[in-house]
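Given next are the chains, with one letter for each unit.
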Number of protein chains: 2
Amino acid sequence: MSDTVLDITGWTCPAPLRDHPRVVMGHGGGGALSAELVRHVFAPAYGGEVLAGMGDSAAVTLGGARLAFSTDSYVVRPLFFPGGSIGDLAVNGTVNDLAMSGARAAYLSCAFILEEGVETATVARVAEALGAAARAAGVEVATGDTKVVEAGHGDGIYITTAGIGLVPEGVDLRPQRARPGDAVIVSGEIGAHGVAVMSCREGLGFDVETVSDCAPLGGLVEAMLAVTPDLHVLRDPTRGGLAAALGEIAAASGTGVVVDEGRVPVPEPVRNACAVLGLDPFYVANEGKLVAFVPPGDAEAVLEAMRAHPLGRRAAIVGRAVEEHPGMVVARTGLGGTRVLDLPLGEQLPRIC
Amino acid sequence: MSDTVLDITGWTCPAPLRDHPRVVMGHGGGGALSAELVRHVFAPAYGGEVLAGMGDSAAVTLGGARLAFSTDSYVVRPLFFPGGSIGDLAVNGTVNDLAMSGARAAYLSCAFILEEGVETATVARVAEALGAAARAAGVEVATGDTKVVEAGHGDGIYITTAGIGLVPEGVDLRPQRARPGDAVIVSGEIGAHGVAVMSCREGLGFDVETVSDCAPLGGLVEAMLAVTPDLHVLRDPTRGGLAAALGEIAAASGTGVVVDEGRVPVPEPVRNACAVLGLDPFYVANEGKLVAFVPPGDAEAVLEAMRAHPLGRRAAIVGRAVEEHPGMVVARTGLGGTRVLDLPLGEQLPRIC
């Protein structure tokens, strides 16, 4: 999941806060509207040094230990979708945020907001999925909380997890570290999570054989760091998809990014579903993929290590960081043309995670 | 805030899960119904060793550092009440959970679930209150997230915070450590938070000059630990009030507890409001108080240190742990009689925090 507290330096906010006297769905989409809220509401209110420079998780030091610390709320609808559930997301989303700083998640907190009247068996099924996902990711649920709100003030189950993990010595993964020349690697086929959730939304029902890619990325990241601890940036392209992830990295680092569209693996069912729905796969959410900015000399070796891991078999170098058009992401289309990948305003479909 | 993951050994669950095919408000009240959910739903699903023995926060070790880790969701209604707001609660509730293990909170995560249509200015006011409370508590908001749900699926603003802090050397505060002979100390007047929130609930409107006691207890706990690191138990009597806090300690430790009702400081406006509403002040939530179990030889010195602190001026020894009636809390009434302080089923009034 992408945190709201991003470094938004250099972003042009297309919709100033004063145009939104009330919160709209897009404020939760992880795009430009979310960034507005962080820039004009949360950052001034909280202040703080840690918050200023962060990506998906905060880097903090406590008792001599270098920790990554991250949180996300999960409000996905429906609670169960092809390939996963809100319980799986609540684990993997937070585990992956930690992994993007190189940390292996050690402990999770887990807070439920239940809506009065939700079936107890549904809560139990979600809790079981969450526990199984935690075991699969090698993380322990250490503490929790439960609140209940009246019927009509929730939507069955909302979950908020926070995670902590150790950042290995010598690892410094931050969006700001992207450098011209870096290879841009995507760990596999994009768009599956968003399309899987859309396929079971009321009103959007369509037959598609796509299941969510929801998975914990800690092991894949370890395999990559074993090649070199000097990876520059890792990011999981969740809300806002690959376009938002690349846009945030470009903005934070001030480098330009060029992507060869034809090299980005998009499965046929995702491509077809997006065509029907009028969506762009580059903007569709993923929950088990990462994008990496890797020094050019290490790129092939890192790619090889990724392909040797079950979650990176379809990894591909899809582009590179460049000196030109700083802060901007440009995609080369199949016909030799180019298009700018703007930061999305919100998510194409809300409550995807 | 009391976590749901309590050691519930020895509790008699008055309402087995099968009687509740659907979640009721009481499942979020921090009493016996919440414990049911933990025992029959969350604990079996998560497993884990850390979860098994915990009080308000988990004790974990990471990179050689001994950490306390805790989370709570905040769904209080209304968002602003006499003496505070959901933003203050979201900081102090989690900071206090850490303080109850002796840890000074270092970093907080902060995740908002906003309801579509809530005024942006309201979000900003809450964020400002949260930031100010964090500065007052000496804790840094390090990471965050924002999600938005459709109108009719939230209630303006829900907040979930998680906190981490260092546990000092030699400190081991757990409900299980209560021992017969321990003095039971309450840090001040009880019942203010619950009555303050009730006073502005629709349908309950009544004039009362009570403001919430919402405050960060880290400094008070440091002052107590300076007297002796060997305090046995600290607990903040939030949901379920003093009765629930004492009941949980009695159950976890297997000791009995005797309280002299007349020694428990209850302010006149709280007493009057409770009389009008038919409530028992012992079951009303507090947000800036603690109850301590202290070895008898240290009790007077600890009490003196508490009274020298602004948040402990009205501290009092109100009872003691005993060999008799293990796991049970008995209050001595003014007339020489006794009454059993049962664990509440839920909260007297839901969504108090």
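Nothing here was measured: the structure is a model prediction, and the numbers come from that model.

### A short note on helix α7 (residues 268-277) of chain B
All names here are of chain B.
In step 1: Those residues of α7 that sit buried are Val270, Ala273 and Cys274. Axial view of α7: buried residues confined to an arc of 100 degrees, hence all on one face. Opposite the buried face of α7, by more than 90 degrees, sit the exposed residues Ala275 and Val276.
In step 2: Of the surrounding elements, those touching the buried residues of α7 are α4 (192-199).
In step 3: Directly beyond the C-terminal end of α7, a positive phi value near 70 degrees is found at glycine 278.

### Considerations on the pattern of salt bridges
It is possible for side chains bearing opposite charge to pair when their charged atoms get close.
In step 1: The full count for this structure, using the stated rule, is 36 salt bridges over all chains.
In step 2: Where salt bridges share partners, they join Asp72(A), Arg239(A), Asp145(B) and Lys147(B) into one cluster.

### Focus on the domain arrangement of chain A
Residue and element names in this part refer to chain A.
In step 1: You can read the domains of chain A as domain 1 (56-166) and domain 2 (175-341).
In step 2: Its C-alpha centre places domain 1 at a distance of 23 Å from the equivalent point of domain 2.
In step 3: Taken together, the contacts link 21 residues of domain 1 with 26 residues of domain 2.
In step 4: Counting the surface domain 1 buries against domain 2, the share from its top three residues, Arg77, Pro82 and Met100, is 31%.
In step 5: The tally of links between domain 1 and domain 2 comes to one salt bridge.
In step 6: Glutamate 222 serves as the salt-bridge partner of arginine 104, at 2.7 Å between the closest nitrogen and oxygen.
In step 7: Counting every contact that joins domain 1 to domain 2 gives six residue pairs in polar contact (both at pLDDT 80 or more).
In step 8: For the side of domain 1 that touches domain 2, the secondary structure elements donating two or more residues are β3 (80-81) and α2 (86-99).
In step 9: With eight residues, the single largest contributor to the side of domain 1 that touches domain 2 is α2.
In step 10: The class makeup of the residues in the side of domain 1 that touches domain 2 is ten nonpolar, five polar and six charged.

### Section: the pairing of strand β8 (residues 183-186) of chain A
All names here are of chain A.
In step 1: By the alternation rule, side chains of β8 split into Ala183 and Ile185 and Val184 and Val186, which are all buried.
In step 2: Pairing between β8 and strand β11 (residues 291-294): four bridges, direction antiparallel. Following the sheet pairing, alanine 183 is matched in β11 by valine 294.

### Notes on the relation of the copies chain A and chain B
In step 1: Here chain A sits on chain B after a turn of 180 degrees about the axis and a move of 0.0 Å along it, with an RMSD of 0.0 Å. Put plainly, the chains are arranged around a two-fold axis.

### Let's talk about helix α3 (residues 120-137) of chain A
Given 3.6 residues to a turn, an α-helix orients residues that are three or four positions apart in the same direction.
Residue and element names in this part refer to chain A.
In step 1: Its 18 residues give α3 an end-to-end C-alpha distance of 26 Å, which sits within 8% of 26 Å, the value for a rise of 1.5 Å per residue.
In step 2: All of the buried residues in α3 are Thr120, Thr122, Val123, Ala124, Val126, Ala127, Ala129, Leu130, Gly131, Ala133, Ala134 and Ala137.
In step 3: Of the residues flanking the end of α3, it is glycine 138, one or two places downstream, whose phi is positive at about 70 degrees.

### Brief notes about the pairing of strand β10 (residues 256-260) of chain B
Residues and elements named next belong to chain B.
In step 1: Across the five residues that make up β10, a large majority, four, are buried.
In step 2: Note: β10 against strand β12 (residues 316-322), four bridges, orientation antiparallel. Its bridge partner being in β12, valine 259 is matched across the sheet by glycine 319.
In step 3: Where β10 meets strand β13 (residues 329-332), four bridges bridge the pair, whose relative direction is parallel. Its bridge partner lying in β13, valine 259 is registered against alanine 331.

How each quantity is defined
- Residues numbered from 1 in each chain as written.
- Chains lettered and ligands numbered in written order.
- Predicted model: local features only at pLDDT ≥ 70, side-chain atom pairs only at ≥ 80, totals over all residues.
- Heavy atoms only, no water.
- Buried < 20%, exposed > 50% of the residue type's maximum accessible area, 1.4 Å probe, protein only.
- Helix = DSSP H or I, 4+ residues; strand = E, 2+ residues; numbered from the N terminus.
- Arc of directions from axis to C-beta.
- Contact = heavy atoms within 4.5 Å.
- Salt bridge = Lys/Arg side-chain N within 4 Å of Asp/Glu carboxyl O.
- Domains from an automatic or database assignment.
- Buried area = accessible area lost by both parts, 1.4 Å probe.
- Polar contact = N/O pair within 3.5 Å; in protein donor to acceptor, adjacent residues only side chain to side chain.
- Nonpolar A, V, L, I, M, F, W, Y, C, P; charged D, E, K, R; others polar.
- Pairing = 2+ DSSP bridges.
- Least-squares fit on C-alpha atoms with pLDDT ≥ 70 in both.
- Expected span 1.5 Å × (residues − 1).

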